[in-house]
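Single-letter residue listing:
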Amino acid sequence: MTQDNSSQDNAAGQTGGGDLFNTAAGWVLFAAGLGLGLSILSGKFFHGDKPERPEKLGYVIEGVVEEGAGPAEMSMAEALNMMPAAELIAAGEKAYSKCQSCHTIDPGGANGIGPNLAGVMGGPVAAKGGFAYSAELKALGGTWDWDKMNQWLTNPKAYVSGTKMSFAGLSKIEDRAALAMYLNSKGANLPVPTFVADAAAAGAEGEAAAAEGEAEAVAAAEAGTDPAAATE
Ligand code: HEC
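Each residue is numbered by its place in its chain's sequence as written, counting from 1. The model is predicted, so local features are restricted to residues of pLDDT at least 70 and side-chain atom pairs to those at 80 or more, both for listing and for counting; the totals for chains, interfaces and linings are taken over all residues.

Let's talk about the site of the ligand
Cut-off, in case you're wondering: The C-beta atom of each residue is placed using the backbone, and any residue whose C-beta lies within 6 Å of a molecule or strand is treated as near it. Think of it as three bins: nonpolar holds Ala, Val, Leu, Ile, Met, Phe, Trp, Tyr, Cys and Pro, charged holds Asp, Glu, Lys and Arg, and polar takes everything else, Gly as well.
Taken together, 26 residues surround the ligand, and among them C99, C102, G114, S134 and M165 come closest. Across the shell around the ligand, the residue classes tally to 16 nonpolar, six polar and four charged.

Concerning helix α6 (residues 146–154)
For an α-helix, the turn length of 3.6 residues means that residues three or four places apart are oriented alike. Applied cut-off: Our exposure labels follow a C-beta count within 10 Å of each residue's own C-beta, placed from the backbone: buried means 20 or more other C-beta atoms, exposed means 12 or fewer, and partly exposed covers the counts in between. The helix count covers DSSP runs of H or I at least four residues long, the strand count covers runs of E at least two residues long, and both are numbered beginning at the N terminus. Residue pairs are scored as contacts if the distance between their C-beta atoms, which are placed from the backbone, is within 7 Å.
Those residues of α6 lying buried are W146, M149, N150, W152 and L153. Buried positions along α6 lie against α3 (76–80), α7 (156–159) and α8 (173–185).

Side note on the packing of α6 against α8
For clarity, the threshold we go by: Helix axes are fitted to C-alpha atoms over the stretch in contact, other axes to C-alpha atoms as well, and angles between N-to-C directions run from 0 to 180 degrees. In what follows, roughly perpendicular refers to angles from 65 to 115 degrees, roughly parallel to angles under 35, roughly antiparallel to angles over 145, and oblique to any angle outside these ranges. Crossings are classed by handedness, with left-handed meaning an anticlockwise turn of the near helix from the far one by less than a right angle and right-handed meaning a clockwise turn.
The N-to-C vectors of α6 and α8 enclose an angle of 125°; their axes lie 10 Å apart at closest approach. Comparing the axis directions of α6 and α8 gives the class oblique. Our pair here, α6 against α8, has a crossing hand that is right-handed. Taking contact as the criterion, the partners of W146, M149, N150, L153 and T154 in α6 are, on α8, R176, L179, A180 and L183. Of the residues belonging to the contact of α6 with α8, the class tally is six nonpolar, two polar and one charged.

As for unusual backbone geometry
A positive phi angle is found at A126, which is not glycine, with a value near 55°. Tracing the backbone shows A126 in the loop between α4 (85–95) and α5 (135–140). The backbone of N189 shows a phi angle near 50°, a positive value even though the residue is not glycine.

Re the confidence of the model for the chain
Stated formally: pLDDT measures the predictor's confidence residue by residue and takes values from 0 up to 100.
Across the chain, pLDDT averages 78, with 58% of residues at or above 70. Note that residues 227–232 has pLDDT below 50 and, in this model, 10 contacts with residues that lie over four places away or in other chains.

What about the nonpolar core?
Rules: One nonpolar core equals one set of buried Ala, Val, Leu, Ile, Met, Phe, Trp, Tyr and Cys residues connected by C-beta atoms within 7 Å.
If you look at the biggest cluster of nonpolar residues, it comprises 25 residues, and the most contacted ones within it are L80, M149, A177, A180 and L183. Where this core is concerned, the elements lending two or more residues are α3, α4, α6 and α8. The leading source of residues in this core is α8, at eight residues. Excluding residues that lie within four positions of it along the chain, M149 makes contacts with M121, W144, A180 and L183.

Next up, the structure:
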């Protein structure tokens, strides 16, 4: 049948129109079926890609740490060397949004629920004037170095039981390293500890060996030197 015929028939009687209708309906059904089939197919194909792949593979999932299963969490030294210092500091500045409700960081900033954090990294623990620290944090003593800050930010209440800092902690070493770097950039600028696999990157800072020495010096200072010696 031709277009002409059927439209003529349509005007004249029911049959031609019916045919045309059926044909059209058939195409509609076909198209719908095709569409459905395609969407099922594409679902099959593209879904496999969908489940968001974590940016970094091999995260240690909290609470499921099994010895021997999967890579262990990287060390603070490794995390501190995982990207150029400036990038890590920028990442830390972002992560710092989690701290802002209680802390200020600019020099001379007010104490809030928590003390001002300018100069904290590399400085003595619990030493900001005008802030009422918990006795427990004061008792920790020493200097905020990479290791102390790492443990503190992992879980403040576990590290210093009785602390007034109501913050659950950061489960990812990457976040803790970034934050410590950021605090350090607003603090004493402690040298970044060397990480052997990334020795080249650390060497680029020109302080690889010096870093170790100074880190030890800080550790020694922590071991009992009068923190007053380190105050500004
Ligand atoms: C809910 C409020 C709150 C949040 C959020 C918070 N803190 Fe604190 N922070 C405190 C308080 C309160 C103290 C004092 C703790 C004490 O005296 O026991 C403190 C103390 C500290 C200290 C020790 C300061 C010193 O002078 O020795 C550091 C370092 C610190 N916080 C870092 C952070 C960082 C980094 C974050 C974000 C990841 C953060 N805090 C989030 C309330 C908070």
